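Here is how the chains run, residue by residue.
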Amino acid sequence: MSDITSAYPLAEQRSNTSRGTVIAATLGNLFECFDLYIYGIMAGTIAKLYFPTGNDTVSLLLFLGTFGVTFFMRPLGAIYLGNLGDRIGRKKVMSLSLFLMTIGMLIIALAPTYSAIGVLAPLLVVGGRMLQGFSAGGEYGSATALLAEHNPQKRGFLSSWQTATQGLAMMLAAAFGAYLAWALTPAEFESWGWRIPFLFGALLGPIGLYIRRGTSESSEFTETARTETPMLDMLKLQKTRILSAAGGLRGRPADVPCCELSRRLATSIIRLIKSIS
């Protein structure tokens, strides 16, 4: 009986640890997805203010090109920050990626418009998106690895919170956009209202960094022998798993942002063709 009773505090401690790890790890994913969704929601306004061409359709097409820059930077961030995380630890890399995300979002939130500083305005936006994409690439893999390694018996359940927070971020961004559109006049929204969600998102950065201070590396990571070339070792020793993972991603349905961006892009191209003809 005493053995069963003494097991309760240990089980409760593990539960609290898992809960804290999930919160700390998924905050970055929530932050990154919120930034992506709200950036898409504000597409029309940002395109008009930062990519003015005299043609709204052309401005929107230029704006949508910044999404391409974001997704181009993601694999670069995943390779560099993921490799770094295998060497120095997931926690440090997750804090670094969250800090970079915060800087990227602040650049978007505070950047002067094209009418104020000219061509430097869209360059700032593109730079912010590149920074966001690079940091997001390293964030997702590091956070998912941390979740999976903390409790080998619940790898799937803990890792699934990464996907769950994507849905939460989408609802939060949609609610933000809907409320601002309802509460503000078009002039107020275009002048300063669209910046509010980005400033709100930037506030999540310091909060996330504070919460992640208490996160510890998993015993699976600390007990594994370190290597200075984790990426090369993976390519040499884990070919089957890499191909299996790549095949699984290949069959995965397109994410909501990609579907929405494709719809916007197709609509804009059709409008441009019609205007030319």
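Residues numbered from 1 in each chain as written. Predicted model: local features only at pLDDT ≥ 70, side-chain atom pairs only at ≥ 80, totals over all residues. Heavy atoms only, no water.

Asks: Quick question: what am I supposed to make of the overall build of the protein chain here?
Replies: What the protein chain contains, in helices and strands, is 14 helices and zero strands. Going from N to C terminus, the protein chain has its helices and strands arranged as α-α-α-α-α-α-α-α-α-α-α-α-α-α. Surface summary for the protein chain: the accessible area is close to 15200 Å², and the carbon and sulfur share equals 67%. (Helix = DSSP H or I, 4+ residues; strand = E, 2+ residues; numbered from the N terminus. Areas by Shrake-Rupley, 256 points an atom, 1.4 Å probe, with all protein chains shown as cover.)

Asks: How should the packing of aromatic side chains be read in this particular structure?
Replies: Think of a pair of aromatic rings as described by two things: how far the centres are apart, and how the planes are tilted against each other in angle. Tallied over the full model, the rule gives eight aromatic pairs. Consider the rings of Tyr 50 and Trp 194, whose centres lie 5.8 Å apart with planes at 80°: the pair is edge-to-face. Pair noted here: Tyr 50 is in helix α2 (residues 43-50) and Trp 194 is in the loop between α9 (186-191) and α10 (196-212), with a separation of 144 residues, a long-range link. Trp 194 matches Tyr 50 in its accessibility class, with the two residues each being buried. Each ring, one from Phe 176 and one from Phe 200, has its centre 5.1 Å from the other, and the planes form 50°; the classification is tilted. In this pair, Phe 176 is assigned in helix α8 (residues 161-183) and Phe 200 in helix α10, connecting sequence segments 24 residues apart. For Phe 176, a relative accessible area of 18% puts it in the buried group. What makes Phe 200 partly exposed here is its relative accessible area of 28%. (Phe/Tyr/Trp six-rings, centres within 6.5 Å; stacked < 30°, edge-to-face > 60°. Buried < 20%, exposed > 50% of the residue type's maximum accessible area, 1.4 Å probe, protein only.)

Asks: So what exactly am I meant to see when it comes to helix α4 (residues 90-110) here?
Replies: Note that an α-helix has 3.6 residues per turn; residues three or four places apart therefore point the same way. With 21 residues, α4 extends 30 Å from end C-alpha to end C-alpha; this agrees with the ideal 30 Å at 1.5 Å per step. Those residues of α4 lying buried are Arg 90, Val 93, Met 94, Ser 97, Leu 98, Leu 100, Met 101, Thr 102, Gly 104, Met 105, Ile 108 and Ala 109. (Expected span 1.5 Å × (residues − 1).)

Asks: Is there a simple way to think about the confidence of the model for the protein chain in this case?
Replies: For residues with low pLDDT, the predicted coordinates do not support detailed interpretation. Here the protein chain averages 77 in pLDDT, and 75% of its residues register 70 or above. Segment residues 1-14 is flagged for pLDDT under 50; beyond a separation of four residues in sequence, or across chains, it makes zero contacts in the model. (pLDDT = per-residue confidence, 0-100. Contact = heavy atoms within 4.5 Å.)

Asks: Help me understand the environment of Ala 47, please; the structure alone is not making it clear to me.
Replies: Structurally, the position occupied by Ala 47 is in helix α2. For Ala 47, a relative accessible area of 2% puts it in the buried group. Placed eleven residues apart in sequence, Ala 47 and Val 58 show a C-alpha to C-alpha distance of 9.0 Å. The contact partners of Ala 47, leaving out residues within four places of it in the chain, are Pro 52, Ser 59, Leu 60 and Phe 63.

Asks: Got a minute to help me understand the nonpolar core in this structure?
Replies: Membership of the largest hydrophobic core comes to 39 residues, with the highest contact counts inside it found for Met 42, Ile 46, Tyr 50, Phe 63, Trp 194 and Phe 198. Going through the elements one at a time, α1 (2-41), α2, α3 (56-88), α4, α6 (120-150), α8 and α10 are the ones with two or more residues in this core. Among the elements that take part in this core, α1 stands out by supplying nine residues, more than any other. The contacts of Ile 46, once residues within four sequence positions are left out, are Tyr 39, Phe 51, Phe 63, Trp 194 and Phe 198. Counting seven residues, the second largest nonpolar core, distinct from the first, contains Val 22, Ala 25, Met 94 and Leu 158. (Core = buried A, V, L, I, M, F, W, Y, C linked by side-chain atoms within 4.5 Å.)

Asks: When you look at the environment of Leu 146 in this model, what are you seeing that I'm missing?
Replies: Along the polypeptide, Leu 146 turns up in helix α6. Each C-alpha atom, one on Leu 146 and one on Ser 218, is 6.9 Å from the other, the two residues being 72 residues apart in sequence. Excluding its chain neighbours within four sequence positions, the residues that come into contact with Leu 146 are Thr 21, Ala 25, Arg 90, Met 94, Thr 215, Ser 216, Glu 217 and Ser 218.

Asks: I'm lost on a nonpolar patch on the surface in this one. Help?
Replies: Side chains of Leu 96, Phe 99, Ile 103, Leu 106, Leu 110 and Leu 199 sit close together on the surface and give an oily, nonpolar patch of about 480 Å² of accessible area. With five residues, the single largest contributor to the nonpolar patch is α4. Relative to the helices and strands, Ile 103 resides in helix α4. (Patch = residues over 30% accessible without salt bridge, like charges linked within 9 Å, V, L, I, M, F, W, Y side chains within 5 Å. Salt bridge = Lys/Arg side-chain N within 4 Å of Asp/Glu carboxyl O.)

Asks: Would you mind going over the packing of α6 against α8 with me for this structure?
Replies: Between two packed helices, what matters for the description is the angle formed by their axes and the separation of those axes. Contact pair α6 / α8: the axes reach a minimum separation of 10 Å and the direction vectors enclose 130°. Of the possible angle classes, the one that applies to α6 and α8 is oblique. Residues Tyr 140, Ala 143, Thr 144 and Leu 147 of α6 lie in contact with α8, whose contacting residues are Gln 162, Thr 163 and Gln 166. In the contact of α6 with α8, the residues fall into three nonpolar, four polar and no charged. (Axes fitted to C-alpha atoms, helices over the stretch in contact; angles between N-to-C directions. Parallel < 35°, antiparallel > 145°, perpendicular 65-115°, else oblique. Nonpolar A, V, L, I, M, F, W, Y, C, P; charged D, E, K, R; others polar.)

Asks: Hey, could you run me through the side chain of Arg 90 in this one?
Replies: In this structure, Arg 90 sits in helix α4. Of the polar contacts made by the side chain of Arg 90, one reaches the side chain of Asp 86; its length is 2.4 Å. (Polar contact = N/O pair within 3.5 Å; in protein donor to acceptor, adjacent residues only side chain to side chain.)

Asks: Where do I start with the side chain of Thr 165 in this structure?
Replies: Position of Thr 165 relative to the elements: it lies in helix α8. Ignoring sequence-local partners within four residues, the contact set of Thr 165 consists of Thr 26, Asn 29 and Leu 30.

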